[in-house]
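Observations on the model geometry
If you want the building blocks of each chain, they are given just below.
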Amino acid sequence: MTIIALAASSRDQSLNVALLDVILTALDGAAGPVERVDYRLFEDTPQYSARREAAEGPPQGMKNLADKISAADGLIFVTPEYNHAIPGSFKNGIDWLSRISVTLMAVKPTLIGGASASPYGAWRGMKSLRPSIELLGALTMPYMISMSGVGSKADIEARFQDPMARVRIDAALNAFRGQMAAKQ
C-alpha cells in the first residue's frame, strides 16, 4: 500500500507543509509507505491549453506524476486557500492530469486538509479542490482536516493534542485508515 502526499505550497515555513507533516506523523505509517510530491513540479508546469496539448502533449513531469498516482493506493492533498480556491498552479496541474486520464484517481481513498491563520482554516480552498479530484475518480473522505487560526507548526501540533479538535481530526484520519484497510 502506497500513499502519494502533496502539500500545495513551496513557501518556507508553510503551514500546509507543516500540516502534512503532522498528518503523516499521526498516521504513523498505518496506512502504508508515503511518497511526497514536491510542489515545485506544479509551479514549474506550463499553463494548460488545448493548443499546447495538441502541439506538445502533457509535460513529462505531469506524466511521471500520473504514473505515480496510478500506482498508488491512496492520496493526501493539503492545500492553502487563495481567494476562496486552491492555488492556480495546483488547479493547472490537476487540469493537465485530467488530460492524461480522467480515471487517474479512480476509487483511491483521498484525504484533504488545509491550514490557515484565518478563521476559515482553508475550508473554502479544500471545498474547491473536491470537485476537481472527484472528477478524476478520487474517493474523498467525508471529513477534511481544517486548521484555522494557526500560525506555526507548533500551533498545528497543539491542535492535534486538543481533545475537542481531535474529534474531527480523528474522524478524518479514521475514515482514511479504514478506506486504505479495505483496499488490502
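Look above for the structure.
A word on unusual backbone geometry. The residue Gln13 is not glycine, and still its phi comes out positive at about 60 degrees. With respect to the helices and strands, the residue Gln13 is situated in the loop between β1 (3–7) and α1 (15–27). Positive phi values are uncommon outside glycine, yet Val107 reaches one of about 55 degrees. Here Val107 shows up in the loop between α5 (88–100) and β4 (109–115). By relative accessible area, which is 55% here, Val107 ends up exposed.

For the rest of this paragraph, the subject is the layout of surface pockets. Think of a ball as big as a water molecule: rolled over the atoms, this probe shows where empty space is left. Size it by volume and the largest pocket reaches roughly 280 Å³. Along its surface, the largest pocket is lined by 13 residues, and Trp123, Met144, Ile145, Ser146 and Arg168 are the ones closest to its centre. At the level of secondary structure, the elements contributing two or more residues to the lining of the largest pocket comprise β6 (145–147) and α8 (163–182). Here the lining of the largest pocket takes four residues from α8, the largest share from any one element. In the lining of the largest pocket, the residues fall into nine nonpolar, two polar and two charged.

Between α1 and helix α7 (residues 153–161), whose axes approach to 9 Å, the crossing angle comes to 35 degrees. Crossing geometry of α1 relative to α7 is assigned as right-handed. Contacts from Leu15, Ala18, Leu19, Asp21, Val22, Ile23 and Ala26 of α1 reach α7 at Lys153, Ile156, Glu157 and Phe160. Within the contact of α1 with α7, the residues separate by chemical class into eight nonpolar, no polar and three charged.

Moving on, we come to the pattern of salt bridges. Inspection of every chain in the model, using the stated rule, returns ten salt bridges. Linking Arg124 and Glu81 is a salt bridge whose minimum nitrogen-to-oxygen distance equals 2.8 Å. One end of the pair, Arg124, is in helix α6 (residues 123–134); the other, Glu81, is in the loop between β3 (74–78) and α5, with 43 residues separating them in the sequence. The exposure class assigned to Arg124 is partly exposed, which follows from its relative accessible area of 26%.

This brings us to the packing of aromatic side chains. What the rule picks out here adds up to five aromatic pairs. When the centroid spacing of 4.9 Å and the interplanar angle of 80 degrees are considered together, the rings of Tyr48 and Trp96 count as edge-to-face. Of this pair, Tyr48 sits in the loop between α2 (40–43) and α3 (50–56) while Trp96 sits in helix α5; the two residues are 48 residues apart in sequence, bridging distant segments of the chain. Its relative accessible area of 22% is what places Tyr48 among the partly exposed residues. Three or more aromatic residues link up through ring pairs in this structure, and these residues are Tyr39, Phe42, Phe77 and Phe90.

Position of Asn16 relative to the elements: it lies in helix α1. Since its relative accessible area comes to 4%, Asn16 is described here as buried.

The end-to-end C-alpha distance of helix α4 (residues 60–71) is 17 Å, a good match for the 16 Å that twelve residues give at a rise of 1.5 Å each. Of the residues making up α4, those classed as buried are Met62, Leu65, Ala66 and Ile69. Down the axis of α4, the buried set is contained in an arc of 105 degrees. They therefore lie on one face. For α4, exposure combined with an orientation more than 90 degrees from the buried face picks out Asp67 and Ala71.

Scoring rules and cut-offs
- Residues numbered from 1 in each chain as written.
- Predicted model: local features only at pLDDT ≥ 70, side-chain atom pairs only at ≥ 80, totals over all residues.
- Heavy atoms only, no water.
- Helix = DSSP H or I, 4+ residues; strand = E, 2+ residues; numbered from the N terminus.
- Buried < 20%, exposed > 50% of the residue type's maximum accessible area, 1.4 Å probe, protein only.
- 1 Å grid on protein atoms, 1.4 Å probe; cavity = no way out; pocket = protein on both sides within 12 Å on 5 of 7 lines; lining within 4 Å.
- Points joined across faces, edges and corners; volume = space filled by probe spheres on them.
- Nonpolar A, V, L, I, M, F, W, Y, C, P; charged D, E, K, R; others polar.
- Axes fitted to C-alpha atoms, helices over the stretch in contact; angles between N-to-C directions.
- Left-handed = near helix turned anticlockwise from the far one by under 90°.
- Contact = heavy atoms within 4.5 Å.
- Salt bridge = Lys/Arg side-chain N within 4 Å of Asp/Glu carboxyl O.
- Phe/Tyr/Trp six-rings, centres within 6.5 Å; stacked < 30°, edge-to-face > 60°.
- Expected span 1.5 Å × (residues − 1).
- Arc of directions from axis to C-beta.

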